[in-house]
Every structure is written in C-alpha cells, then in structure tokens.
Amino acid sequence: MPDSRGTAEESPNSRTGGEDASKTPLTERAATSRPAEDSPKPRRSQDAPESRSTDTSKSPSAETSKSRSTDTSKSRSAEEAPQARPAAKESAKKRSADDAPGSSAATATDADVDPDAESEEAWDDGLIARRVTEANAAALAAERASALETPSRAPGSQSPAPLAYDGPLRSRLDALRELVGLSRTRLDSRTLAEAGRVLDEAAARRKLSGRHTVVAIAGATGSGKSQLFNALAGVAISETGVRRPTTAAPIACSWSDGAAALIDRLGIPGRLRRRPLQSPEAEAQLRGLVLVDLPDHDSAAVQHREQVDRILKLVDAVIWVVDPEKYADAVLHERYLRPMAGHAEVMFVVLNQVDRLPGEAADQVLDDLRRLLDEDGVALGEYGEPGATVLALSALTGDGVGDLREALGEFVAERGAAARRVAADVDLAAAELRPVYATGQRAGLSEEAREEFAARLADAVGATAAGEAAERAWLRNANRACGTPWLRLWRWYQGRGEPNTGRIPVRSQADEEATARQRVEQAVRTVSDRASAGLPVPWAQAVREAAVRGSQGLSEALDELAAKAALPGRPPRPGWWPVAVLVQASMTLLQVVGGLWLVGQIVGVMAPNLGVPVLLMVCGIVGGPLVEWACRMAARAPARRYGQDAERRLREASASCGRARVLDPVAAELLRYREVREQYGRVVGTGAGAGVGVG
C-alpha cells in the first residue's frame, strides 16, 4: 500500500507558507496528501519537508498552493528562499501524477498510522500534555503551522503606528508626573508606587501599536473561558477539560500582524502565540484584536494567580467570564470587579454556560449579575451610557458568541480602549492618593494666626514692658532737665544707686528667661497647629517639623534682638526743652537774687527794702515748680510716643525673627502643598484642586 501522510504533520516548509498556508480551509488541507513512495512504511519527520512540498502540488488546489508558496517564499529571508524554490519546481514536475487514484485513501490510511507520534509533534508547547484525536489532527497541525508570528518582518514592511493620547489625557499624565516629583521628599515610596507604575505603563503603551487592542479573557476555574477563547478564534487553541487547573500559562491570539511588541510586553513567549482560523469575515470584523487567555484567577497554583494579576494591569480591556454557579463569587467581586469599577468602559462581563439553565432562568441569573455589578460600582453600558457590556452566551453551543464577536469588533474598531484604560488607571491612582492630597477642608496660615504668633513672641520678649520703661525713662529725663535744682538734687540723692542712662534690662532674671522660653515654645506650637489644621497627615507633619526646626535657637535670637533694640544712653530731647531749661534757670536766678538782696539788707550793705527781694524770691519759688509741672504735662505725649516707638521696634524685631525662622519655612511647606494640590486637581480633572484651599 503506498505511503502517504496528510498535512497534519508539521514541517519547516509549511511554516514558510506563513499566513497564506493558514488561510487554506481545514478540510482542503486535510484532504491534501503526498504521492505514494516505494517504502510501505510511514516516513519519519526528517523526510517531511520534501514530501509535504510534493504533496501540496498534488492537491486539487495545486495551482493556487503553488502560487501562494512561491509568492510567500519571495518575501522570506535569503536562507529560506533556496528551500522553497526547489520544492515548488519538484511539485511542478510531478503535477502529472496529481490525478492518481487512491491519494485520498492514502491520506486516510496515513492518518491512522501512529497518531500518538503525530500528536506529540503537533503539541509541544510546554502546557499540560494533551492527546490529539484523529478528527482534529489536521486542524491542530494547520493551527500549529500558522500560529507563530515571525519576529522578522518582510522587507519594506512598516512598524505599526504608536498609540497617541489626546490632549486632556496627556495633560493629566503630565500633572501626575509633576505631582509625583513634588511629593517624593514628603511621601514615602510605597504611597507613590502605584502612581509611578501607571506613568511607566502609560509611557510604555504609548510607544507600542495604536492599531491593536489587547483584550484578556479572565475567569474562575471551570467558567469556560478557554472554550470561549477557542470559539472566538475558530480553532482549538487553548486546552479545555475537566482537569483543574487546565490553563497553566497565558496564550495570545492575534488577528493581524504587528502585535509582537504588545505580546512581548505581556511576557508571553513565542511558543504560546497563535493565529485564529483565517477567514475574510473574521479578519475584517476583529482586525487589530489581540486576545489573551489567562489562567484561572482562583487557581490553587499561586503562580497562576500572580500571572493573572500581572497581565490584568497591562491589557487594554478584559472579558470576565462567569458561570451560573460562580457569578456571585466573593473573590471575583471583592478582589477584581469592585477595585476595577472605574474600568467599566473597558470591561466585558459574560455569563457563560447559559445552555445549562432551563427556561427563563438565564434571564433571572443575568439580572442578578447586573444587580451585583451595580452594587460593586461597575457602571453598565446600557441605553447608550458608557460602561461595561454584559452578555449571556454559551461557548459550547455557540449561542450568543456572535453577539460578543460583534461587540468586540465594534470595540476594537474604535481604537480607544488603550487610552480609556490609561485614563481609568489615572483615575484609580488619583483616588488612592486622595487621602494624602485632599481632605475637603480649607487649610493654611491665616493673617489672624500670624498676628497672634507675633503677639506671643512680643510678650515673650517683653515688648510691652520695654515700652513702658522707655516712657518712664523719657519722663524722668524731662523732669531732670526741667525740674528745679533743689528738687533734682533731692532726687539725685534718693536715686544714687539707680542707673542714670535710661537703659532698661528687659530680661535680666533667670526665672523671667525661663518663662520667656516657655512662651516662645508655646507660640511655635500654636502657630504650627493652626497652619497644619485641615491638611492631609503627611503635609501636616511636614509643617509641624518645619516649625520645630525653625524654633531651635529662637529664644537666643530674641534675646539678641532685645539687646539691640534697647534704648540708647539718653532719650532724645525735644526742641522746647532749652526754653524750659532757660525759664527754670531764670526762676532759680530770681530766687538767688532775691535771697542775696535780703542778706545784703540784713548785713547793712544795701538799703532796706523788703518788697522787691521778697517778690523776686516768691516769683522764683513759685515759678520754678510751675515750670516743672508745665514741662511734665507737655512731656507726657512725647514720652508716650517714645515708649510706643520702643515697643513697636521690639515687636517688629521679634516678629521679623519669628517670621524668618518659623513662619517662612511653614509658608514654604504650605506653598509646596498648594502646588501639589493644584497638580492633583489637574490629575483628577478639576481646576479647583478637589475642593481644597490654602489660606
């Protein structure tokens, strides 16, 4: 009996055919057989290349196969071209034997020979071992031959256009990047980790193809996601069965070329990359789709769950496959659907296995699923509103699969899933950062708080007491300048131990210094609490730390300022003082002249006349105190102003010191918070900073 083998056996030359070979219908490729050879035994894999090239020439579609093989081989590399051309020539030479009877019989006979060996060659992808039956051997071989995408492109081919974000999304990403940069010194790295990851992934996705949409199929154990994956691809790509877990690694299926970089980003190796059943209708409907079958998210294997979590952060959209038994599973809703509620626009929720539900049970389960999604906060895309698409289907019977394929086609054709996914990631990162940037309260350092801080420092340095002392000193100097000589002599006698310079020691005692230090510390604590009120915890802590750092050495600095702002040696004298001194000297001179006149009369030197000397003495004695009293009344206003000026100078000096050491650092922290709050407002898409203000 002549030996022949079908195209179910894989060969390098069949791979050389690339996409054209995969476009041949499975039935046509299964019917293709190679001519009989002299040996009655089946040939091994090393003879497969030449035999399959000859077999292609003998098929009913030999002319078409030859032209496809020739056209495809021209676009291959220089190493593959010499192998393809001899095979085409040999097939042309043996075209006369194309109508030889028994070729189909030989094919059927060959399919029965050693099926285990063929299945091992057809499925060597590192997944769980699976057996290929005689019925689907040809389909598996055809899928295997056309599934792998070649990493090298044909000469003249262009790389896919990168993804482009719109203006608002770019602005939000720039604001998030600025926000992270401003916050690195105030927030720990764990708080900013998710925002940094979103920025990195957005930048990485922007460099890749914008014509492709990566959609992951995720689900629980036994939900039928791999079966749905195969139904959408039109060929058995992902293994299905009762053994759990069945899918051990993610498998990618691309409907068009140019998605290799996207799949590389997911970390899916080349041996797990497939192509769907080639048909013009499917290509036109799902062009640009990259479908990824994920392991079970509730798998017993930890590495499976880790792969699911990793890839879900990288894909553009996700199809959640649930079944009537596990659609309300707490793990699915609490771990995935509820946290990803903001990604509803790039989410499909598919109720599979509805063929198991009798009557109207499918509609009831679907309504209950919608209720659970609404409780999770997932917006439903109904009545034209943006949101998740919820469908019911049966991957086993094909009921509803066409609706999902149509929805996927429209979704992919929009080419907006990647941008919507990035925008949803930014929204989620902003929501996680809200507690550290916004509290819903108005925060800042008010003018009232600043004035209170300056008043507390002035009290601590003794500004009020210093002003009062300066006023008393000015009055004392006025009395000394305008008082009667006899009264000044008496006051000098009484105040011999007091300093006559008018300098007031503001803080001379140890207990007063301790009290003043406590007042300074209390003033710093009060102003820091006022400034940090209403701020998020990290920024409130930064404000308090800035105030504490500035308060170090503040008491000593205030002491130095108090010493510099002390009164000069003598208070200044007003312009009327010389006139008052001259009048007071005249009154004294009258007293002296009158007294000497009386003495002269007593001793007989002068003629007796009591009226004039007595009048002179009375005028001097009465006029001197009157002049002193008048000068004291006139000196009160200048003395008060002098004391106020002294108090003001000390208050300004203490306030300047407190402002430079405490208020300015606190204001700098508040200004930084204002900047990050404005950036956060741009991230969340509002210009008002999420309702938070800084005074």
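What you see is a predicted model; the values in this text were computed from it and never measured.

A. Focus on the packing of helix α20 (residues 447-461) against helix α27 (residues 611-683). Interaxial distance between α20 and α27 falls to 9 Å at its minimum, and their mutual angle equals 130°. Put simply, α20 runs oblique to α27. Here α20 runs over α27; the crossing is right-handed. Across from R450, F453, A454, A455, L457, A458, D459 and V461 in α20, the residues of α27 making contact are L650, R651, S654, A655, G658, V662, L663 and A667. Of the residues in the contact of α20 with α27, the class split is eleven nonpolar, two polar and three charged.

B. Region of the structure containing the packing of helix α24 (residues 537-551) against α27. α27 packs onto α24 with a crossing angle of 160° between their chain directions and a minimal axis gap of 7 Å. One finds that α24 runs roughly antiparallel with respect to α27. The handedness of the crossing between α24 and α27 is right-handed. On α27, the residues that touch W539, A542, V543, A546, A547, G550 and S551 of α24 are R661, V662, P665, V666, E669, L670, R672, Y673 and V676. Classifying every residue of the contact of α24 with α27 by side-chain character gives eleven nonpolar, two polar and three charged.

C. Layout of the pattern of salt bridges. This model, assessed by the stated rule, comprises 28 salt bridges. Two residues, R197 and E194, come together in a salt bridge whose shortest N-O distance is 2.9 Å. Of the two residues, R197 and E194 are both situated in helix α11 (residues 189-206); the distance of three residues between them amounts to about one turn of the helix. For R197, a relative accessible area of 19% gives the class buried. Salt-bridge contacts for R530 lead to E452; the nearest nitrogen and oxygen are separated by 2.9 Å. One end of the pair, R530, is in helix α23 (residues 510-532); the other, E452, is in helix α20, with 78 residues separating them in the sequence.

D. Summary view of unusual backbone geometry. For Q353, which is not a glycine, the phi torsion comes out positive at approximately 65°. Position of Q353 among the secondary structure elements: in the loop between β6 (347-351) and α17 (361-375). Notably, R415 is not glycine yet its phi reads approximately 55°, a positive angle. Within the element layout of this structure, R415 appears in the loop between α18 (401-414) and α19 (417-437). Given the relative accessible area of 47%, R415 is considered partly exposed.

E. Representation of a nonpolar patch on the surface in the model. Nonpolar side chains collect at one region of the surface, where L610, V614, V618, I621, V622 and L626 lie side by side and expose about 530 Å² of accessible area between them. Among the secondary structure elements, V618 is positioned in helix α27. Under the relative-accessibility criterion, V618 is labelled partly exposed at 43%.

F. Spotlight on the sheet that holds strand β5 (residues 317-322). Spatially, seven strands are ordered β3-β2-β4-β1-β5-β6-β7 in an open sheet, and the strand pairing comes out mixed. With partners counted over all chains shown, the strands left at the sheet margins are β3 (273-274) and β7 (389-392), one partner each. On top of the sheet, helix α12 (residues 225-233) reaches β1 (213-219), β2 (251-254), β4 (289-293), β5 and β6; it is set at about 155° to β4, its chief contact. Along the sheet face, α18 touches β1, β4, β5, β6 and β7 and points at about 180° away from the line of β6.

G. Representation of the environment of V543. With respect to the helices, strands and loops of the structure, V543 is situated in helix α24. The exposure class assigned to V543 is buried, which follows from its relative accessible area of 1%. Counting along the chain gives 123 residues from V543 to V666, while the straight-line C-alpha distance between them is 5.5 Å. What V543 contacts, discounting residues up to four positions off in sequence, is S528, A531, S532, L535, V666, E669 and L670.

H. View of the pairing of β4. Most of β4 is tucked away: five of the five residues are buried. Residues L289, L291 and D293 line one face of β4 and the alternating positions V290 and V292 line the opposite face, and both faces are buried. Here five bridges tie β1 to β4, and the two strands are oriented parallel to one another. Looking across to β4, one finds that A216 is bridged to V292.

I. Seen up close, α24. If you check α24, its first and last C-alpha atoms are 21 Å apart, about what 15 residues at 1.5 Å a residue would give, namely 21 Å. Residues W539, A540, A542, V543, A546, A547 and G550 constitute the buried set of α24. Viewed along the axis of α24, the buried residues span an arc of 160°, placing them on a single side of the element. Among the residues trailing α24, G553 stands out with phi positive, at a value near 80°.

J. Inspection of a negative patch on the surface at higher detail. A cluster of acidic residues, D355, D399, D403, E406 and E410, forms a negative patch on the protein surface. Here E406 is to be found in helix α18.

K. Summary view of the confidence of the model for the protein. Residues of the protein with pLDDT of at least 70 account for 69%, and the chain-wide mean is 74. Ignoring residues within four places in sequence, the model shows residues 500-507, a span with pLDDT below 50, making 27 contacts including any to other chains. Confidence over residues 688-695 falls short of pLDDT 50; this stretch has 28 contacts with residues more than four positions distant or in other chains.

L. Expanded view of the pairing of β2. Going residue by residue along β2, you find I251 and C253 tucked away on one face and A252 and S254 tucked away on the opposite face as well. Inspection of the sheet shows β2 paired to β4 by four bridges, in the antiparallel sense. Each bridged residue has a counterpart across the sheet, and for A252 the counterpart in β4 is V292. Relative to β3, β2 is paired through two bridges, and the arrangement is parallel. Bridge pairing in β3 places A252 opposite R273.

M. Structural view of the environment of I237. In this fold, I237 is placed in the loop between α12 and β2. For the pair I237 and L272, spaced 35 residues apart in the sequence, the C-alpha separation amounts to 9.5 Å.

N. View of the packing of aromatic side chains. What the rule picks out here adds up to five aromatic pairs. Centre to centre, the rings of Y437 and W539 are 6.4 Å apart; their planes meet at 40°, and the pair counts as tilted. Taken together, the residues Y437 in helix α19 and W539 in helix α24 connect sequence positions 102 residues apart. In this structure Y437 comes out as buried when scored by relative accessible area, which is 0%. The exposure class assigned to W539 is buried, which follows from its relative accessible area of 1%.

O. Here's a closer look at the nonpolar core. L176, L433 and Y437 are the most contacted members of the largest nonpolar core, which has 59 residues in total. The leading source of residues in this core is α27, at ten residues. With residues up to four places along the chain from it excluded, the contact list for L176 reads A195, V198, L199, L433 and V683. Counting residues in hydrophobic clusters, the runner-up holds 45 residues, among them V214, L272, V290 and L373.

P. Just helix α25 (residues 554-564), in detail. Taken as a whole, α25 has its buried residues at L554, S555, A557, L558 and A562. When α25 is viewed along its axis, its buried side chains cluster within an angular range of 160° and face the same direction. Summarising the geometry of α25, the exposed residues directed more than 90 degrees from the buried face are E560, A563 and K564.

Criteria and thresholds
Residues numbered from 1 in each chain as written. Predicted model: local features only at pLDDT ≥ 70, side-chain atom pairs only at ≥ 80, totals over all residues. Heavy atoms only, no water. Axes fitted to C-alpha atoms, helices over the stretch in contact; angles between N-to-C directions. Helix = DSSP H or I, 4+ residues; strand = E, 2+ residues; numbered from the N terminus. Parallel < 35°, antiparallel > 145°, perpendicular 65-115°, else oblique. Left-handed = near helix turned anticlockwise from the far one by under 90°. Contact = heavy atoms within 4.5 Å. Nonpolar A, V, L, I, M, F, W, Y, C, P; charged D, E, K, R; others polar. Salt bridge = Lys/Arg side-chain N within 4 Å of Asp/Glu carboxyl O. Buried < 20%, exposed > 50% of the residue type's maximum accessible area, 1.4 Å probe, protein only. Patch = residues over 30% accessible without salt bridge, like charges linked within 9 Å, V, L, I, M, F, W, Y side chains within 5 Å. Areas by Shrake-Rupley, 256 points an atom, 1.4 Å probe, with all protein chains shown as cover. Pairing = 2+ DSSP bridges. Expected span 1.5 Å × (residues − 1). Arc of directions from axis to C-beta. Lys, Arg positive; Asp, Glu negative; His and termini not counted. Charge placed at Lys NZ, Arg CZ, Asp CG, Glu CD. pLDDT = per-residue confidence, 0-100. Phe/Tyr/Trp six-rings, centres within 6.5 Å; stacked < 30°, edge-to-face > 60°. Core = buried A, V, L, I, M, F, W, Y, C linked by side-chain atoms within 4.5 Å.

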